[in-house]
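What follows is each chain in one-letter form.
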Amino acid sequence: MAVLSVLGLQMPAVLALSVVQFAPEVIAPWLAGAWAVLWALFTWRTAVARLEVSPEGVRSHGTWRTRLVAWDDLVWVSVYPAMSILFELPVAHLCDGSQVPLTGAYGFRSDVESRADRIAQRLNTLADQA
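Residues numbered from 1 in each chain as written. Predicted model: local features only at pLDDT ≥ 70, side-chain atom pairs only at ≥ 80, totals over all residues. Heavy atoms only, no water.

**Student:** Describe in detail the sheet that holds strand β2 (residues 57-61), supporting the description with residues and values.
**Tutor:** In space, the 3 strands of this open sheet follow the order β1-β2-β3, with antiparallel pairing throughout. The open sheet is flanked by β1 (50-53) and β3 (66-70), the only strands paired with a single partner. Between one strand axis and the next, the sheet turns by 15 degrees as a mean value, whatever way the strands run. Note that β1 and β2 share 4 bridges and pair antiparallel. Note on β2: the bridge partner recorded for R50 is H61. (Pairing = 2+ DSSP bridges. Helix = DSSP H or I, 4+ residues; strand = E, 2+ residues; numbered from the N terminus. Axes fitted to C-alpha atoms, helices over the stretch in contact; angles between N-to-C directions.)

So, in structure tokens, the structure goes:
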């Protein structure tokens with residue numbers, strides 16, 4: 001599964017580079033610059049992924065979107081495996097039965113307590129206090 005997710009992220013990069021390579025000489029620098037800007041934006045958004053806890057609730061800043069889970073809607077937080085065999089992430093279970101992945105906090109899978117487990121326990125404690 002990890003190989004598929006890596007290939008899924010790398011294939012657009014390879015295609016974009018091939019488009020730049022075979023583009024006419026007039027627009028090739030512009031395409032390369034646009035590609036560099038998009039790659040830098042993606043890298044930045046991935047690097048600043050985080051969870052923010054506030055009086056309103058938990059805000060998850062992931063690579064693609066930002067989500068707010070209000071304390072009133074939160075029932076509990078559990079840990080689920082992510083898209084690969086190496087990582088797991090906390091998932092918020094809401095009053096209406098839906099689940100919201102908190103993609104701002106990944107952790108390596110572990111047989112003992114992992115980072116995602118500690119985050120889920122802390123969020124459950126905060127949800128009980130709210």
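**Student:** I'd like to hear about the pairing of strand β5 (residues 87-94), residue by residue, with values.
**Tutor:** Most of β5 is tucked away: 7 of the 8 residues are buried. Here 7 bridges tie strand β4 (residues 74-81) to β5, and the two strands are oriented antiparallel to one another. Residue pairing for β5: P81 is matched across the bridge by E88. Bridge analysis of β5 against strand β7 (residues 107-108) gives 2 bridges, and the strand direction is antiparallel. Within β7, the residue paired with E88 across the bridge is G107. (Buried < 20%, exposed > 50% of the residue type's maximum accessible area, 1.4 Å probe, protein only.)

**Student:** Talk me through the side chain of S60; I want residue IDs and the actual numbers.
**Tutor:** Within the secondary structure, S60 sits in strand β2. Take S60: its relative accessible area is 1%, and that puts it in the buried class. A distance of 3.2 Å separates the side chain of S60 from the backbone nitrogen of T103, its partner in a polar contact. (Polar contact = N/O pair within 3.5 Å; in protein donor to acceptor, adjacent residues only side chain to side chain.)

**Student:** Kindly report on the nonpolar core, identifying the contributing residues and their values.
**Tutor:** One finds V69, W71, L74, V77, A92, L102 and L123 to be the most contacted residues of the largest nonpolar core, which totals 15 residues. Listed by contribution, the elements that provide at least two residues to this core are β4, β5 and α3 (115-129). Those residues in contact with V69 that lie beyond four places of it in its chain are E56, G57, V58, L74, A92, L94, V100 and L102. (Core = buried A, V, L, I, M, F, W, Y, C linked by side-chain atoms within 4.5 Å. Contact = heavy atoms within 4.5 Å.)

**Student:** Give me the packing of aromatic side chains: which residues, what numbers.
**Tutor:** Inspection of the entire model under this criterion finds 3 aromatic pairs. Their ring planes at 40 degrees and their centres at 5.7 Å tell us that W39 and F42 sit as a pair that is tilted. Separated by 3 residues within a single helix, W39 and F42 lie in helix α2 (residues 28-47), roughly one turn from each other. Each ring, one from F42 and one from W64, has its centre 5.5 Å from the other, and the planes form 35 degrees; the classification is tilted. Of the two residues, F42 sits in helix α2 while W64 sits in the loop between β2 and β3, which places them 22 residues apart along the sequence. A network of ring pairs unites the aromatic residues W35, W39, F42 and W64 as a single cluster. (Phe/Tyr/Trp six-rings, centres within 6.5 Å; stacked < 30°, edge-to-face > 60°.)

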